[in-house]
Amino acid sequence: MPPGALCPPGKYDNGASCVNCGYANYCSGVNAKYVSKANEADTARGAQFACDWSIAPFADALTTPTNRATSWQSCVARPGFRIASINPGQAINASTQTGVVCPANNYSVGGTRLTGCTACPSGMVTVGDAASNHNSVNDCLVLAGYFAQWDASGFAYNADECDFGSYWPGGQISGPTPCSSCGDITAGQSLTTDYSLASLSNSMLRAADCPPNTYGASAHTNGLTTSFCKPCGRNMITEPFLTAAQRNEAAVCINPEGFGVTGQVALHVHLGQGPYLKCIRPV
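This is a predicted model, so every value here is computed, not measured.

A. Expanded view of the side chain of Asp-139. Positionally, Asp-139 belongs in the loop between strand 11 (124-125) and strand 12 (141-142). No salt bridge is formed by the buried Asp-139; the nearest opposite charge belongs to Arg-78, separated by 15 Å. One polar contact links the side chain of Asp-139 to the main-chain amide nitrogen of Asn-135, over a distance of 2.9 Å. Among residues more than four places away in sequence, those in contact with Asp-139 are Val-125, Thr-126, Ser-132, Asn-133 and His-134.

Here it is in structure tokens:
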């Protein structure tokens, strides 16, 4: 290009011609030497200025939405960062602007000149100090013992404590995820695998009342182990008026009329039969 010619805004003189300014830089269109950072030597590449004036550790926290930016105010924060001054408390301008990582429990998707970050939904936290740990709401994690609550638009807005009898190990949120059941069963119930629940949550355990002539758990219980209804002994029954909660131990199994019991088996009582049979109830 002719000596002394000016490059238009968005371009700079690379010594041979005017070329696009490049991302993370801005070019105001002035034919002047590049003003270096403190840790760089001056170069005669024209009026191309870096967005980020920080030396370390985040010297690349800012970028531009185009490779032909014309002003320092075109510079925006990268994801995980916010706009700041290299000298805390000093005004942000062309020679002081930089970016700093969002603080704990905050995030930024980048692309703005905001000097603050967005707080994680209530009860959620970030883990790690790198910008990559703060660049999306998905970096906001639920603590162990909590689960994410979601609004109608699919945005996690809160973390709520798991109910009694359920748990959640914590970690990244990926959808409306309730806490997993610990296997919460009450007296007279069983706890078995229900594969129809697999698509709804991590838990596939379902509690159900034990049917007549069986008995279930003896008390309110929590645990991740299946617990099956136990059948009464052969020919033995449970009283028809008992509720499921009352069918909670082997003692509720009785012999029907005309039967005696030996061990846990009910057998017909015949005339002249030996004395080893006994009746649990009058027959």
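Read on, since the account is not over.
B. Spotlight on the pattern of salt bridges. Applying the stated criterion across every chain, the model contains one salt bridge. Between Arg-78 and Asp-60 there is a salt bridge, with the nearest N and O atoms lying 3.1 Å from each other. Of this pair, Arg-78 sits in the loop between strand 6 (76-77) and strand 7 (81-85) while Asp-60 is found in the loop between strand 4 (49-50) and strand 5 (62-63), placing the two residues 18 residues apart along the sequence. Residue Arg-78 is classed as partly exposed on the basis of its relative accessible area, which comes to 26%.

C. Representation of unusual backbone geometry in the model. Phi angles above zero are rare outside glycine, and Ala-24 is one such case at about 70°. Here Ala-24 lies in the loop between strand 2 (18-20) and strand 3 (25-26). In this structure, Asn-213 takes a positive phi of about 70° despite not being glycine. Its location among the elements puts Asn-213 in the loop between strand 19 (205-209) and strand 20 (214-215). The class of Asn-213 is partly exposed, set by a relative accessible area of 34%.

Cut-off values and rules
Residues numbered from 1 in each chain as written. Predicted model: local features only at pLDDT ≥ 70, side-chain atom pairs only at ≥ 80, totals over all residues. Heavy atoms only, no water. Helix = DSSP H or I, 4+ residues; strand = E, 2+ residues; numbered from the N terminus. Buried < 20%, exposed > 50% of the residue type's maximum accessible area, 1.4 Å probe, protein only. Lys, Arg positive; Asp, Glu negative; His and termini not counted. Salt bridge = Lys/Arg side-chain N within 4 Å of Asp/Glu carboxyl O. Polar contact = N/O pair within 3.5 Å; in protein donor to acceptor, adjacent residues only side chain to side chain. Contact = heavy atoms within 4.5 Å.

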